2 protein chains.
Amino acid sequence: MSGPGRPGRPARPARTGRRPGVSDTRERILAGARAGFGEAGFDGTTIRGIAARAGVDPALVHHYFGTKQQLFVAAMELPVDLDTAVPALLAGPPRELGYRIVRFVLELWGAPQTQPLMLGVVRSAASDPVAAGLLRRTLAEGPFAAIAKTIDRPDAELRATLVGSQLVGLAMARYIVGAEPLASAPDEVVARAVGPTIQRYLAGELADEERGIHA
Amino acid sequence: MSGPGRPGRPARPARTGRRPGVSDTRERILAGARAGFGEAGFDGTTIRGIAARAGVDPALVHHYFGTKQQLFVAAMELPVDLDTAVPALLAGPPRELGYRIVRFVLELWGAPQTQPLMLGVVRSAASDPVAAGLLRRTLAEGPFAAIAKTIDRPDAELRATLVGSQLVGLAMARYIVGAEPLASAPDEVVARAVGPTIQRYLAGELADEERGIHA
């Protein structure tokens, strides 16, 4: 578990002149990890760089979180309680479910405490297998799967991953690549444009005999 | 333009026992670059690694292509003639345009000569600004924009980037992250599921008063 830190360096805080508590130190490391992974992705981020952001010794990062991969998984956990978020999304008019899901996701992308984390997941998933696994499980078994299963339609798993494909792509185009005018369109415009896509993936016809009935 | 190669090293092929022609060498470097960028993205790929794949001296890579960023742009150019591809997509029943676009893109993703290149663009765009710029211009000014402009609807640019968001996300979910069952669904199933999304983004109502009319 010592990772790339110098061998023999003891697991203690850097001499910063104060002795932060354990939970404070853990939070500072997690915040540094979210900022680092969010800016540069998994491959472009080092334990040493995260330790510097947090103002602690790299060995302390390893001490609390183990490997860089373990730290990534801990840092990328969304501060969203799915036990309340999913029922809240399902409440309201069923035909606006797709719209509500897009609004919800856009709020997470827009909020300063969740955006770096989501940037970190998507950026890292593009090149790192561990991050890709995290995103894969989120798409296949996460909130979209939970929502798809509540709707009485076949192919819930395929529906959930189709929803995920549109929302990950929206994040790529809007927040990471910055394709205009999508990147600077108001949330409401995006939610009205993309909401019906999510709605159809969850509740509509997937195998369309006419190949374009929704034109 | 000398980049990270050793200073003073002359721009000549490695001593491989044969003297390949210029166009052969260029092609081998481009193939090595596509393979490297496709596997590891822009950040995870070095000129040295590409040179090793191509069996040439790193200085030769710099000699022919300049910086790593210039090589990336050269290597990621799709071998698709848009002057014929766009009219071919527009031919056929207008209401199946979205379906045809998805089939076309899935064929590019499935073909061995284009998949590494497209993997390279999407993987690299997630973390590298140059690659993100390439993908940004492709989404905003590339084939989707050309197609959107042929359709007599307002907001052609927004429509083009919405199309791009779904197709980039499909690539992320299906080919990079591998979210099942989407990842192993037959092309025809995916094209029928996603085609109507593309169709609506190009030709449908984007600002839906009812927020879910396509449910």
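Predicted model only: the values in this text are computed from it and were never measured. Sequence positions are assigned chain by chain, starting from 1 and proceeding in written order. Note on labels: chains are lettered from A, ligands numbered from 1, in written order. Under the rules for a predicted model, residues below a pLDDT of 70 receive no local features and side-chain atom pairs below 80 are neither given nor counted, while totals for whole chains, interfaces and linings still include all residues.

### Side note on the overall build of chain A
Of the regular secondary structure elements, chain A holds eleven helices and zero strands. Counting from the amino terminus, helix and strand elements in chain A follow one another as α-α-α-α-α-α-α-α-α-α-α. Once C-beta atoms are placed from the backbone, any two residues with those atoms within 7 Å are in contact. Sequence-distant contacts, at least 24 apart, represent 69% of the contacts inside chain A between residues at least 6 apart. Labels follow the DSSP assignment, with helices taken as runs of H or I lasting at least four residues and strands as runs of E lasting at least two, numbered in each case from the N terminus.

### Notes on the domain arrangement of chain A
You'll often see interface size given as the accessible area lost when the parts meet. Residues and elements named next belong to chain A. Each domain's limits were defined by an automated method or a database of domain assignments. The assigned domain composition of chain A is domain 1 (22–75) and domain 2 (82–203). Each of domain 1 and domain 2 has a C-alpha centre, and these two points are 26 Å apart. Within the residue set of the side of domain 1 that touches domain 2, elements represented by two or more residues are α1 (22–40) and α4 (68–75). Examining the composition of the side of domain 1 that touches domain 2, we find that four residues originate from one element, α1, more than from any other. Classification convention: Asp, Glu, Lys, Arg as charged; Ala, Val, Leu, Ile, Met, Phe, Trp, Tyr, Cys, Pro as nonpolar; all other residues, Gly among them, as polar. Looking at the side of domain 1 that touches domain 2 residue by residue, the classes come out as five nonpolar, three polar and two charged.

### A word on the nonpolar core
Nonpolar cores are identified as sets of buried Ala, Val, Leu, Ile, Met, Phe, Trp, Tyr and Cys residues joined via C-beta atoms within 7 Å. Comment: burial labels come from other C-beta atoms within 10 Å of the residue's own C-beta, placed from the backbone, where a count of 20 or more is buried, 12 or fewer is exposed, and between is partly exposed. Ranked by size, the top nonpolar core spans 122 residues in total, and within it V122 of chain A together with V122 of chain B carry the most contacts. Apart from residues no more than four positions distant in its own chain, V122 of chain A is found in contact with V168, A171, M172 and I176 of chain A together with A126 of chain B.

### Quick notes on the environment of G55 of chain B
Residue and element names in this part refer to chain B. Considering the arrangement of structural elements, one finds G55 in the loop between α2 (47–54) and α3 (58–65). Here G55 falls in the partly exposed class, since 15 other C-beta atoms lie within 10 Å of it. For the pair G55 and R28, spaced 27 residues apart in sequence, the C-alpha separation works out to 8.1 Å.

### What about the relation of the copies chain A and chain B?
Superposition of the two copies of the chain requires a rotation about an axis and a shift along the axis. A residue counts toward the fit only if its pLDDT is at least 70 in both copies, and the copies are then superposed by least squares on the C-alpha atoms of those residues. Superposing chain A onto chain B takes a rotation of 180° combined with a translation of 0.0 Å along the rotation axis, leaving an RMSD of 0.0 Å. Expressed as an axis order, the relation between the two copies is that of a two-fold axis. Minimal C-alpha separation from the rotation axis in chain A is found for G169 of chain A, amounting to 1.7 Å. When the interface residues of chain A are mapped onto chain B, 100% of them again fall at the interface, so both copies present the same face.

### Examining the interface of chain A and chain B
The partner chain B presents 58 residues to the 57 residues of chain A that form the contact. Of all the elements in the fold, those that place two or more residues in the side of chain A that touches chain B are α6 (97–110), α7 (115–125), α8 (129–141), α10 (156–176) and α11 (187–203) of chain A. Here the side of chain A that touches chain B gets 14 residues from one element, more than from any other, and that element is α10 of chain A. When grouped by side-chain class, the residues that make up the side of chain A that touches chain B number 30 nonpolar, 16 polar and eleven charged.

### Some remarks on helix α3 (residues 58–65) of chain A
Residues and elements named next belong to chain A. Extensive coverage of α3 is indicated by the burial of six of its eight residues. Among the residues of α3, P58, A59, L60, V61, H62 and F65 are the ones counted as buried. Check the buried side of α3 and you find it contacts α1, α2 (47–54) and α4. Looking one or two residues beyond α3, the residue adopting positive phi is G66, at roughly 80°.

### Digging into the environment of A31 of chain B
Residues and elements named next belong to chain B. Within the secondary structure, A31 sits in helix α1 (residues 22–40). Judged by C-beta crowding, with 16 C-beta atoms within 10 Å, A31 ranks as partly exposed. It is 26 Å that separates the C-alpha atoms of A31 and V86, two residues lying 55 residues apart in sequence.

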